[in-house]
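# Architecture at a glance
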Amino acid sequence: MLKDKKYFLFDIDGTLAVDDVLFDGSRELIDHISSIGGRSFYITNNSTKSRRDYMAGFRRWDISTEEGQFITASYATCRYLKEHYSGKKLFVMGTPSFIEEVKGCGFAVTEQAEEDVACVVVGFDRTLRYEKVEEACRLLFRPEVDYVGTNPDYRCPASFGFVPDCGGICEMLNVTVDRKPYYAGKPNKEIVAMCMEQVGAKPEEVLVVGDRLYTDIACGIRAGVETALVLTGEAREKDLDGTEFRPDYVYRDIRQLYEDFIG
């Protein structure tokens, strides 16, 4: 039941906002969750920004947050990399912010196809150049080099429509080198687990809210919690026909979810 929820795990782009514009109802819902003793988490697959970048963005919306509320694809990827590639050199295809986040975890990072690279790491790269793509291909044709992506989203919402996301960039690589990465971000169920561990949440108290079926809704389903789809991003109502990722709730927008929740 929606009234039993205390912990809301929100996607951001296409769910709470688009570009720098906060959707109607987002602030009210976040404030209400706090007023009832709950907590909002932000589980974005956008790997162009660090958690501190997102905190600064929410401050511009006059919404107070803490770093632990943000479980980004880049943060999840860094946790995965520390567990599996400690002390190894990584080739990173990503924005300067993402590269600095990886370096901050103690990794040697390169953008060249050097002999001692252990893994190719691909994020949502708004600074992408063809030279980077070519160097990544050189490495991925070497079977001993591993391959990790931050998130499988094919496209990211923009004010005019969409732009290619990490999954779209990886798909370009996949058709060239015939390899698919391990994705650390949504729909990896560990994203939900990282949030629940912080507050000791029970599954019935948690709701994942997003605009994509194959990442947001799939993530919640794999983690064993309920999900809500909003139709302000990628997914359309017709996409629900025949999908394996059926949400528990479907809303026109975040305002409608807020009104249903306060009932």
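Use the structure listed above.
Summary of the structure given here. (Residues numbered from 1 in each chain as written. Predicted model: local features only at pLDDT ≥ 70, side-chain atom pairs only at ≥ 80, totals over all residues. Heavy atoms only, no water.)

Moving on: the environment of C219. Looking at where C219 falls in the secondary structure, it is placed in helix 8 (residues 213–223). Residue C219 is classed as buried on the basis of its relative accessible area of 0%. Residues C219 and A108, 111 residues apart in the sequence, show an inter-C-alpha distance of 31 Å. Setting aside residues up to four positions removed in sequence, C219 forms contacts with K186, P187, N188, K189, I191 and V192. (Helix = DSSP H or I, 4+ residues; strand = E, 2+ residues; numbered from the N terminus. Buried < 20%, exposed > 50% of the residue type's maximum accessible area, 1.4 Å probe, protein only. Contact = heavy atoms within 4.5 Å.)

Here five strands make up an open sheet; going across it, the order is 4-1-12-13-14 and the pairing parallel. Each end of this open sheet is capped by a strand with a single partner; those strands are strand 4 (39–42) and strand 14 (249–251). Sheet twist, expressed as the mean angle between neighbouring strand axes with direction ignored, is 20°. Direction of pairing for strand 1 (residues 7–10) relative to strand 4: parallel, over a ladder of four bridges. (Pairing = 2+ DSSP bridges. Axes fitted to C-alpha atoms, helices over the stretch in contact; angles between N-to-C directions.)

Next up on the list: a positive patch on the surface. On the surface, K49, R59, R60 and R126 cluster together into a patch of positive charge. Here R126 is to be found in the loop between strand 7 (117–122) and helix 5 (130–140). (Patch = residues over 30% accessible without salt bridge, like charges linked within 9 Å, V, L, I, M, F, W, Y side chains within 5 Å. Areas by Shrake-Rupley, 256 points an atom, 1.4 Å probe, with all protein chains shown as cover. Salt bridge = Lys/Arg side-chain N within 4 Å of Asp/Glu carboxyl O. Lys, Arg positive; Asp, Glu negative; His and termini not counted. Charge placed at Lys NZ, Arg CZ, Asp CG, Glu CD.)

Here the focus is the pairing of strand 9 (residues 155–158). Relative to strand 10 (residues 161–164), strand 9 runs antiparallel, the two sharing four bridges. Residue pairing in the sheet places A158 in a bridge with G161 of strand 10. The turn joining strand 9 and strand 10, which pair antiparallel and follow one another in sequence, is formed by two residues.

The next thing to look at is the side chain of D153. For D153, the position within the fold is in the loop between strand 8 (146–149) and strand 9. Residue classification places D153 among the buried residues on the basis of a relative accessible area of 2%. Polar contacts involving the side chain of D153 include one to the side chain of R212, which spans 2.8 Å. Beyond its immediate stretch of four places on either side in the chain, D153 contacts N45, D165, C166, G167, G168, R212, Y214 and T215. (Polar contact = N/O pair within 3.5 Å; in protein donor to acceptor, adjacent residues only side chain to side chain.)

So, about the state of the cysteines. Enumeration according to the criterion identifies zero disulfides in this entry. The thiol of C170 is unpaired, and the distance to the nearest cysteine sulfur, on C166, comes to 3.9 Å. No disulfide involves C195; its sulfur sits 8.5 Å from the nearest other cysteine sulfur, which is in C219. (Disulfide = S-S within 2.5 Å.)

Structurally, N45 can be placed in the loop between strand 4 and helix 2 (51–60). Owing to a relative accessible area of 3%, N45 belongs among the buried residues under this scheme. In terms of polar contacts, N45 uses its side chain to reach the side chain of D153, at 2.6 Å. Excluding anything up to four places from it in sequence, N45 contacts D11, A73, N151, P152, D153, G185, K186 and T215.

Counting across every chain of the model gives eleven aromatic pairs. Ring geometry for F58 against F70: centres 5.2 Å apart, planes inclined by 80°, an arrangement best described as edge-to-face. Taken together, the residues span a long stretch of sequence, with F58 in helix 2 and F70 in the loop between helix 2 and helix 3 (73–84) at a distance of twelve residues. With respect to burial, F58 and F70 carry one shared label: buried. Note on Y249 and Y251: the rings are 6.3 Å apart at their centroids and 15° apart in plane angle, and the pair reads as stacked. In terms of burial, Y249 and Y251 fall into one category: buried. By the ring-pair criterion, three or more aromatic residues cluster together here, those being F8, F10, Y42, Y54, F58, W61, F70 and F261. One Lys or Arg, R51, reaches over the ring of Y75 and ends 3.8 Å from the middle of that ring. The ring of F162 has R155 lying over it, and the distance from NZ or CZ to the ring centre is 3.9 Å. (Phe/Tyr/Trp six-rings, centres within 6.5 Å; stacked < 30°, edge-to-face > 60°. Lys NZ or Arg CZ within 6 Å of the ring centre and 35° of its normal.)

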